[in-house]
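# Geometric and topological summary
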Amino acid sequence: MTQPDARTDEPTGRFAYEGLERIFHEKARLGIMTSLVTHSRGLVFGDLKDLCQLTDGNLSRHLQILHEADFVEIWKGFHKKRPQTLCRVTDKGRRRFLEYINVLETVVHDAMKASADPAAGGGLAEGWSPV
């Protein structure tokens, strides 16, 4: 059990948000993962590119990073004799992304709670005065 910090009465590390993973925290990858989680059967590259408003090269690079982490699987094939790339979130990717979203919900909750309490953000820390 973490001990409270004597200065704030908050547990040590309370706002460290350890579950925030850098791999998901980048804006483009956040959009990619959200798109793929909401389309469980997968999305073809062009549709994913449009949904996330990314260039071919940018989407390819972010998919490569997610694929190397085993969060996304990429399938090459054909549809009506045209080459297609299908992108789909893996079970591991879905699980880890949803854990990440839960931590983000905690961040939002903490921030909203502070914004709803005008006394929480006003003034200087107790006992502190400027020079």
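Above this text you will find the structure in question.
Here we summarise the structure given alongside this text. (Residues numbered from 1 in each chain as written. Predicted model: local features only at pLDDT ≥ 70, side-chain atom pairs only at ≥ 80, totals over all residues. Heavy atoms only, no water.)

### Observations concerning the overall build of the chain
- In terms of regular secondary structure, the chain is built from 6 helices and 3 strands.
- Along the chain, from the amino end to the carboxyl end, the secondary structure elements read α-α-β-α-α-β-β-α-α.
- Across the 131 residues in the chain, those meeting the buried criterion constitute 24%.
- As presented, the chain carries roughly 9,700 Å² of accessible surface, and 54% of it is formed by carbon and sulfur atoms. (Helix = DSSP H or I, 4+ residues; strand = E, 2+ residues; numbered from the N terminus. Buried < 20%, exposed > 50% of the residue type's maximum accessible area, 1.4 Å probe, protein only. Areas by Shrake-Rupley, 256 points an atom, 1.4 Å probe, with all protein chains shown as cover.)

### Considering the nonpolar core
- With 21 residues, the main nonpolar core has F24, I32, M33, L36, L48, L63 and L66 as its most contacted residues.
- Secondary structure elements with two or more residues in this core: α1 (22-25), α2 (27-38), α3 (45-52), α4 (56-68), β3 (82-89) and α5 (91-116).
- Considering every element that reaches this core, the biggest residue donor is α2, with 5 residues.
- Once residues within four sequence positions are removed from consideration, M33 is found in contact with F24, L66, F71, V72, V89, G93 and F97. (Core = buried A, V, L, I, M, F, W, Y, C linked by side-chain atoms within 4.5 Å. Contact = heavy atoms within 4.5 Å.)

### Concerning the environment of D56
- When you line up the elements, D56 lands in helix α4.
- Note: C-alpha distance between D56 and F45 (11 residues apart in sequence) is 8.5 Å.
- Leave out the neighbours within four places in its chain, and D56 touches F45 and K49.

### Observations concerning the side chain of T90
- Looking at the secondary structure, you find T90 in the loop between β3 and α5.
- Exposure remark for T90: the relative accessible area of 10% places this residue in the buried category.
- Setting aside anything within four residues of it in sequence, one finds T90 in contact with D70, F71, V72 and E73.

### Some points on the packing of α2 against α5
- Remark: α2 packs on α5, axes separated minimally by 11 Å, with the N-to-C direction vectors making an angle of 120°. Judged by the twist between their axes, the crossing of α2 over α5 is left-handed. Of the residues in α5, those touching α2 at L30, M33, T34 and V37 are G93, R94, F97, L98 and Y100.
- Taken together, the residues that form the contact of α2 with α5 break down as 6 nonpolar, 2 polar and 1 charged. (Axes fitted to C-alpha atoms, helices over the stretch in contact; angles between N-to-C directions. Left-handed = near helix turned anticlockwise from the far one by under 90°. Nonpolar A, V, L, I, M, F, W, Y, C, P; charged D, E, K, R; others polar.)

### A look at the packing of α2 against α3
- One can describe the packing of α2 onto α3 by two numbers: an axis separation of 10 Å at closest approach and a directional angle of 125°. Classified by the angle between their axes, α2 and α3 sit oblique to one another. Of the two possible hands of crossing, α2 and α3 adopt the one that is right-handed. Where α2 abuts α3, its residues G31, I32, S35 and L36 lie against L48, L51 and C52.
- Its residues assigned to classes, the contact of α2 with α3 shows 5 nonpolar, 2 polar and no charged. (Parallel < 35°, antiparallel > 145°, perpendicular 65-115°, else oblique.)

### Some words on the environment of L104
- Positionally, L104 belongs in helix α5.
- Relative accessible area serves as the criterion here: at 22%, L104 is assigned to the partly exposed category.
- Once the C-alpha coordinates of L104 and Y17 are considered, the two residues, 87 residues apart in sequence, prove to be 8.3 Å apart.
- Excluding residues within four positions of it along the chain, L104 makes contact with L20 and H25.

No statement about biological role is implied by the geometric values presented.
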